[in-house]
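# Per-entry structural report
Listed below, chain by chain, are the residues.
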Amino acid sequence: MRDFWNDVVVEDEEAVKKAVIDLINAAKPLSYSEIQELRNSSTLCDRSHFQYTVARIAARSGAEVPADLDAIMEDPDFDVRVSFMNDVVKAVDEQPIKPRVHR
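The following paragraphs examine the structure supplied in this document.

### Let's talk about the overall build of the protein chain
Across its full length, the protein chain carries five helices and two strands. Order of helices (α) and strands (β) in the protein chain, N terminus to C terminus: β-β-α-α-α-α-α. Every one of the 103 residues in the protein chain was classed for burial, and the buried ones make up 38%. Within the structure as shown, the protein chain displays about 6,500 Å² of accessible surface, and the carbon and sulfur contribution to it stands at 51%.

What follows is the structure, encoded as structure tokens:
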């Protein structure tokens, strides 16, 4: 993956994903609003809100946000950003919400 705007290349997306998941798991239990913010931002692909929520959780637990998270969120490939956020939420969400189906 690559952040073309800042000319940054992330070699190991899985390592960043694991670091973010570990950061969130270390801060558990999450409040309802924290997990809901993560769910909403991943569903809507709101990368800045996702980063803000991760940073807020990190600040509460005293952890540091992985530096490469910004590069992943700036990746020009929409699918990369969405899959990253969805994978993180699936890993940390203890009570996943079923997607709504419009009939």
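### Thoughts on the environment of A27
Mapped onto the secondary structure, A27 falls in the loop between α1 (13-26) and α2 (32-44). Its relative accessible area of 4% is what places A27 among the buried residues. The residues contacting A27, other than those within four sequence positions of it, are I57, R60 and S61.

### Observations regarding the environment of R47
Mapping R47 onto the fold places it in helix α3 (residues 47-61). Distance in space between the C-alpha atoms of R47 and I72 is 9.4 Å, their sequence separation being 25 residues. With near-sequence residues (within four places) excluded, R47 lies in contact with M73, E74, D75, R81 and M85.

### What about the nonpolar core?
Counting residues in hydrophobic clusters, the biggest one holds 25 residues, and the most contacted among them are V20, I24, L38, F50, V54 and F84. Of all the secondary-structure elements, those providing two or more residues to this core are α1, α2, α3, α4 (68-73) and α5 (78-92). Aside from chain neighbours lying at most four places away, what touches V54 is V20, L23, I24, L38, V65 and L69.

### Observations regarding the packing of α2 against α3
Relative to each other, α2 and α3 sit at 155 degrees, their axes nearing to 8 Å. Regarding the angle of α2 to α3, the classification is roughly antiparallel. In the packing of α2 onto α3, the handedness of the crossing is left-handed. Contact residues: α2 offers E34, E37, L38 and S41, while α3 offers H49, F50, T53, V54, R56, I57 and R60. For the contact of α2 with α3, the residue count by class is four nonpolar, three polar and four charged.

Cut-offs used in this document
Residues numbered from 1 in each chain as written. Predicted model: local features only at pLDDT ≥ 70, side-chain atom pairs only at ≥ 80, totals over all residues. Heavy atoms only, no water. Helix = DSSP H or I, 4+ residues; strand = E, 2+ residues; numbered from the N terminus. Buried < 20%, exposed > 50% of the residue type's maximum accessible area, 1.4 Å probe, protein only. Areas by Shrake-Rupley, 256 points an atom, 1.4 Å probe, with all protein chains shown as cover. Contact = heavy atoms within 4.5 Å. Core = buried A, V, L, I, M, F, W, Y, C linked by side-chain atoms within 4.5 Å. Axes fitted to C-alpha atoms, helices over the stretch in contact; angles between N-to-C directions. Parallel < 35°, antiparallel > 145°, perpendicular 65-115°, else oblique. Left-handed = near helix turned anticlockwise from the far one by under 90°. Nonpolar A, V, L, I, M, F, W, Y, C, P; charged D, E, K, R; others polar.

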